[in-house]
Amino acid sequence: MTKRDDSHLPKALQGLRIPMVASPLFIISVPDLVIAQCKAGIVGSFPALNAREAEGEPPLLEAWLTQITEELDRHNQANPDRPAAPFAVNQIVHRSNTRLDRDLEICTRHKVPIWITSLGARVEVNEAAHSCGGIVLHDIINNTFARKAIEKGADGLIAVAAGAGGHAGQQSPFALIREIRSWFDGPLLLSGAIATGEALLAARALGADLGYMGSPFIATREANAQQGYKDMIASSGAEDIVTSSLFTGVSGNYLKPSITAAGMDADNLPDADASSMNFSSGSSKPKAWKEIWGAGQGIGAVQAVTDVPTLVDRVEREYIAAGKRLAAEFAD
Ligand SMILES: Cc1cc2nc3c(=O)[nH]c(=O)nc-3n(C[C@H](O)[C@H](O)[C@H](O)COP(=O)(O)O)c2cc1C
């Protein structure tokens, strides 16, 4: 444990084992992964759109929320000395997400403690979260979007910097955090290639309250991903990540070997049109590109497929060791 003062943060973000939120990953984040993340002491999360029932069946999101809440309650009763961290649900706030209103209603009823919103800041979404005691963290890629998100009522920001998996930003984390911190003193998370405890400490040194880590969780046993995808994360590094807008209409980071395996020239991909973004089926990526796999630049730190507790243990060990090493430099 470190002596971190997190009393300025909302309750839901206090008392974490390390200052980290596991980011929501399309398809990959399922209840097993979320529960393991929360039990390991960090905030676990999933996109609401991952819970997809067949036509005519009751909403799977409802069942997932019940499962996660009950399992974490059981864990907390059995382990009062090391309770699980709270969980977060990600809402894609894009006009093509036709499930948004229904999902907001379900999440409000289940009193979801942390709401992560992407692709559009909307007052009604923030109000829904606040109506059940939840907080909203909105992800942004620049200072303009950051200001808009706070104006619309988000409680905190996730700064998605260059090198992140999924729809990455283009700005250096050094620049982005500095610009946001010049006017915003609320909860601030940094996303983008954080895959080690050293990177997490660096995020804190920059002024972020917490790190936001995604890609390393793909290479865990609890993740809902094909074994080939997990193995590719473990065997690839930053040079294997290609940035392209072709697959979803907006710029994102992908594993080069998966593009090559699909028969495309990863070094010469054409651009796509942003208007092709459509989340009505959960992803804006057409089915033909199902095996084009996303990842951020930090995966060089992932050497093997492990389980979630092993991954979080490693990050914690590195975080503490790096903190002690630097603290020694500044001791009187
Ligand atoms: C395969 C994949 C799927 C993702 N899906 C989502 C998603 O559904 N919603 C979302 O807000 N972010 C999504 N992201 C972005 C992550 O939430 C996060 O910003 C990113 O993973 C952080 O960078 P890192 O992977 O380098 O740690 C995804 C990222 C990846 C790699």
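Heads up: the structure comes first, above all this text.
Residues numbered from 1 in each chain as written. Predicted model: local features only at pLDDT ≥ 70, side-chain atom pairs only at ≥ 80, totals over all residues.

Q: Which parts of the structure should I look at to understand the overall build of the protein?
A: The helix and strand tally for the protein stands at 10 helices and 10 strands. Against the globule reference of 20 Å for 332 residues, the protein gives a C-alpha radius of gyration of 19 Å, in line with a compact fold. Within the protein, contacts between residues at least 6 apart in sequence are counted, and of these 66% link residues at least 24 apart. (Helix = DSSP H or I, 4+ residues; strand = E, 2+ residues; numbered from the N terminus. Rg over C-alpha atoms; globule rule 2.2 N^0.38 Å. Contact = placed C-beta atoms within 7 Å.)

Q: Explain unusual backbone geometry here, please?
A: Note on backbone geometry: most residues besides glycine have negative phi, and most peptide bonds are trans. Phi angles above zero are rare outside glycine, and I27 is one such case at about 70°. Classification of I27 as buried rests on a count of 21 C-beta atoms within 10 Å. At A193, a position not held by glycine, the phi torsion is positive, near 65°. Position of A193 relative to the elements: it lies in the loop between strand 7 (188-191) and helix 7 (197-206). (Buried ≥ 20, exposed ≤ 12 C-beta atoms within 10 Å, placed from the backbone.)

Q: Help me understand the site of the ligand in this model?
A: Around the ligand, the structure places 25 residues, and the nearest of them are S23, G165, G166, G214 and G296. Its residues placed into classes, the shell around the ligand shows 12 nonpolar, 12 polar and 1 charged. (Near = placed C-beta within 6 Å. Nonpolar A, V, L, I, M, F, W, Y, C, P; charged D, E, K, R; others polar.)

Q: Looking at this model, I keep getting lost on helix 10 (residues 308-330). Mind explaining?
A: Count 3.6 residues to each turn of an α-helix, and residues three or four apart come out pointing the same way. In a regular helix each residue adds 1.5 Å, so 23 residues correspond to 33 Å; helix 10 covers 33 Å between its end C-alpha atoms and thus fits that length. Within helix 10, burial applies to V308, L311, V312, V315, E316 and Y319. Against helix 1 (31-39) and helix 7 lie the buried residues of helix 10. (Expected span 1.5 Å × (residues − 1).)

Q: Is there a simple way to think about the pairing of strand 7 in this case?
A: Remember that side chains alternate between the two faces of the sheet whenever the strand is regular. With burial as the criterion, each face of strand 7 is covered, one bearing L188 and L190 and the other bearing L189 and S191. Bridging between strand 6 (residues 156-160) and strand 7 involves 4 bridges; their strand directions are parallel. Counterpart to I158 in the pairing with strand 7 is L189. Tracing the backbone out of strand 6, into helix 6 (residues 173-181) and back to the parallel element strand 7 gives a crossover that is right-handed. Relative to strand 8 (residues 210-213), strand 7 runs parallel, the two sharing 3 bridges. (Pairing = 2+ DSSP bridges. Right-handed = clockwise from strand over helix to strand, strands pointing away.)

Q: What exactly am I supposed to notice about the nonpolar core here?
A: Within soluble globular proteins, side chains that are nonpolar generally end up buried alongside one another. In terms of nonpolar packing, the biggest core is built from 99 residues, with I114, L157, A159, L189 and I218 touching the most fellow members. Excluding anything up to four places from it in sequence, A159 contacts I140, L176, I177, I180, L188, L189, L190 and S191. (Core = buried A, V, L, I, M, F, W, Y, C linked by C-beta atoms within 7 Å.)

Q: Just checking my understanding: could you explain the sheet that holds strand 6 for this structure?
A: Two pairing modes exist for strands in a sheet, parallel and antiparallel, and in both the strands are linked by backbone hydrogen bonds. Taken in spatial order, the 8 strands line up as 1-8-7-6-5-4-3-2 in an open sheet, and their pairing is parallel. Edge strands, defined here as strands with exactly one partner in the open sheet, are strand 1 (20-22) and strand 2 (44-47). Here the strands of the sheet are splayed against their neighbours by 25° on average, with no regard to which way each runs. Taken strand by strand, helix 1 contacts strand 1, strand 2 and strand 3 (87-92), and its axis lies near 155° from that of strand 2. (Axes fitted to C-alpha atoms, helices over the stretch in contact; angles between N-to-C directions.)

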